[in-house]
Amino acid sequence: MKKIWMNTSCALLAIFLASSCNDWLDGVTQTSNVSDEVVWKAEDNVDKNVNAFYRYLHKYGQFGEGQFRGSLTESLTDAFKYGSVSLGDRAGHPNNYVVNPSVVTPDGCLYNVWSKDLAYGDIRKINQFLDMQKQYSKFSAEKNALWEAQARFFRAFVYFQLAKRHGGVVLYDALPTSNDKALSTAEATWQFIADDLDFAAAHLPKEWAAANAKGRVTKGAAFALKSRVMLYAERWQDAYVAADSVEKLNLYDLVPQYADAWKGNNKEAILEFDYNKNTGPNHTFDEYYVPQCDGYEFGALGTPTQEMVETYEKSDGTTVDWTPWHSQTTTPPPYADLEPRFAATVIYAGCTWKGKTMDCSVGGTNGAFMAYREQPYSYGKTTTGYFLRKLLDESHTDIQGVKSAQPWVEIRFAEVILNKAEAAYRLGKMNEAQTLMNKVRARVSLPAKYTSGDAWFKDYRKERKVELAYEGHLFWDMRRWKLAHIEYNNYRCHGIKIERGTYQYIDCDGQDRKFLQKLYVLPVPTQELKDNKLAEQYAEWK
């Protein structure tokens, strides 16, 4: 009798999930000696097998390692800069990728997830669970539907990680009986994901009745993820309907303060993963990005760029003329004039962080500046004149002694509103697109915008970039819009160097960044082509 694959992995997962803020994700005590039938005789055991899939929210989120081996994909855009020259994750690798895109090969792309350790391994685990459910489950149809809905939600979530990189991929709705299977078309792949999410939405509850069910995926999460996925598929009506379905649940809303929007445990969070700093699960995101003055000298690995800062409007909705700061001046930049999302996202000279007034200058006590390439690693200093604030926990003061517990919010209501706005625009519903985007702007008291056509889409792109800053969207948005090869080619990122009362505009790359059009489709790994006789390399990579 074969043994259930999840027994061993769940036992290991107990260490990761025990005593989490989601009480239902408590530790698993199964071992590799437990048979399939035994697992499916106890409802609690089945629950714990399903619970293992929730870790994918961490794995592929900004606090995990799945997306880009821990580096933020924003570093592949004009919004973020890693300060280290020496190669490494959250160090020189992203810098190398943007100036030397030829490093992306079938066997050498760090933001590819096509492997047995990443996406296809996760999909296999989900399919094995679903196969065993069909073989062994004697539970009620209602219980089986809830388990299947959760499993298929996460299968869709993982397949989305593949589809947004490749388009059409190898699709498995059950355990394979052979290594050989052809790639499906992009259209079939998006439909496969849509079908899984439709099943999840049909069978998941709006809210879980159990008091200890906090954090479980819901009907709203399935609709919300579908609204995101269908934008990538360019199925505008499906994206619009999915986002509209979220709104009609009347369960979610924008929280009053943007600084709280991405913190979780509020009405804006549709899907989140919670942590526990003491007993785990926990993460080390703060450790990687806090300034050196927080008491940890190896932080601030990456920092926001001047290009990102210049994306923000003034609080009255007008645009800042940054020309005086594109050379050298003794006039401080107009940070105080910028709209509220700037101060909630970026640590800048003169702001307060953990009770300190930040100077962000050369030799600064509170936020030191270091020119890019001055040292192999940035060692807690900024190479752009700024530090990341968003996603960090300002109440977390013992960086060296305590892990981080800031929740990861995978989907929040603001994104769904913007998804619907984009879909409405594509469908010719210009008035509705304007109203939806203006709803997001109103939260931070910005005046409404009533542009239309290409001008509206340009405004929308900026709104999405600011609202969803550093939440893992920008790079993938620019790829799906097919704009990366235009706007991310032959450009450099900049910062502000502050020294003895002067503000100097600096090039913090040293060479032009590039984006090749063939990068809109990542290659099939060589190992897959060796193992799978029916798989063919994408045309862009032949």
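Conventions we followed
Residues numbered from 1 in each chain as written. Predicted model: local features only at pLDDT ≥ 70, side-chain atom pairs only at ≥ 80, totals over all residues. Heavy atoms only, no water. UniProt positions renumbered as here; feature names shortened; annotations may be inferred. Helix = DSSP H or I, 4+ residues; strand = E, 2+ residues; numbered from the N terminus. Domains from an automatic or database assignment. Buried area = accessible area lost by both parts, 1.4 Å probe. Salt bridge = Lys/Arg side-chain N within 4 Å of Asp/Glu carboxyl O. Expected span 1.5 Å × (residues − 1). Buried < 20%, exposed > 50% of the residue type's maximum accessible area, 1.4 Å probe, protein only. Contact = heavy atoms within 4.5 Å. Axes fitted to C-alpha atoms, helices over the stretch in contact; angles between N-to-C directions. Parallel < 35°, antiparallel > 145°, perpendicular 65-115°, else oblique. Left-handed = near helix turned anticlockwise from the far one by under 90°. Nonpolar A, V, L, I, M, F, W, Y, C, P; charged D, E, K, R; others polar. Patch = residues over 30% accessible without salt bridge, like charges linked within 9 Å, V, L, I, M, F, W, Y side chains within 5 Å. Areas by Shrake-Rupley, 256 points an atom, 1.4 Å probe, with all protein chains shown as cover. Core = buried A, V, L, I, M, F, W, Y, C linked by side-chain atoms within 4.5 Å. 1 Å grid on protein atoms, 1.4 Å probe; cavity = no way out; pocket = protein on both sides within 12 Å on 5 of 7 lines; lining within 4 Å. Points joined across faces, edges and corners; volume = space filled by probe spheres on them.

What follows deals with the UniProt feature "domain: RagB/SusD" (unreviewed entry) in the chain. Under the present numbering, the feature "domain: RagB/SusD" (unreviewed entry) in UniProt falls on residues 267-541. Here residues 267-541 runs as 27% helix and 14% strand, with 44 Å between its end C-alpha atoms.

Time to look at the domain arrangement of the chain. Taken domain by domain, the chain holds domain 1 (48-59 + 112-274 + 522-541) and domain 2 (73-111 + 284-390 + 485-521). Of the roughly 1,400 Å² buried between domain 1 and domain 2, counting both surfaces, carbon and sulfur atoms make up 63%. When the buried surface of domain 1 facing domain 2 is broken down by residue, Tyr258, Leu522 and Trp541 rank first, second and third, together holding 43% of it. Counting across the interface, domain 1 meets domain 2 through zero salt bridges.

Time to look at helix 16 (residues 430-443). Spanning 14 residues, helix 16 covers 21 Å between terminal C-alpha atoms, matching the ideal 20 Å at 1.5 Å per step. The complete set of buried residues in helix 16 reads Met430, Ala433, Gln434, Leu436, Met437, Asn438, Val440, Arg441 and Arg443. Check the buried side of helix 16 and you find it contacts helix 10 (236-248), helix 11 (258-261), helix 14 (340-345), strand 11 (408-412), helix 15 (413-426) and helix 17 (453-467). After helix 16 finishes, the residue Ser445 shows a positive phi value of roughly 60°.

The next point concerns the packing of helix 9 (residues 219-232) against helix 10. It is the contact of helix 9 with helix 10, at a shortest axis distance of 8 Å, that shows an interaxial angle of 155°. As the angle between them shows, helix 9 and helix 10 are arranged roughly antiparallel. Note on packing geometry: the crossing formed by helix 9 with helix 10 is left-handed. The residues of helix 10 that touch helix 9, namely those facing Gly220, Phe223, Ala224, Lys226, Ser227, Met230 and Leu231, are Trp236, Asp238, Ala239, Ala242, Ala243, Ser245 and Val246. For the contact of helix 9 with helix 10, the class distribution of residues is nine nonpolar, three polar and two charged.

A word on a nonpolar patch on the surface. Nonpolar side chains collect at one region of the surface, where Phe298, Tyr377 and Tyr379 lie side by side and expose about 270 Å² of accessible area between them. With respect to the helices and strands, Tyr379 occurs in the loop between strand 9 (368-369) and strand 10 (387-388).

Counting residues in each nonpolar core, the largest one holds 163 residues, and the members touching the most others are Tyr111, Phe153 and Tyr159. At 12 residues, helix 7 (residues 141-166) tops the list of elements feeding residues into this core. Both domain 1 (48-59 + 112-274 + 522-541) and domain 2 (73-111 + 284-390 + 485-521) contribute no fewer than three residues apiece to this core. Sequence-distant contacts of Tyr159, defined by excluding residues within four places in its chain, comprise Tyr120, Ile123, Val169, Val170, Leu171, Tyr172, Phe192 and Ile193.

Bringing the layout of surface pockets into the picture now. Volume-wise, the largest pocket comes out at about 810 Å³. Around the largest pocket sit 32 residues that line it, and Trp114, Ser115, Lys116, Tyr120 and Glu528 are the ones nearest its centre. Elements that contribute at least two residues to the lining of the largest pocket include exactly helix 6 (119-136) and helix 20 (526-531). In terms of residues, the lining of the largest pocket owes the most to one element, helix 6, which gives seven residues. Partitioned by chemical class, the residues of the lining of the largest pocket number 14 nonpolar, 10 polar and eight charged. If you count residues domain by domain, the lining of the largest pocket takes at least three from each of domain 1 (48-59 + 112-274 + 522-541) and domain 2 (73-111 + 284-390 + 485-521).

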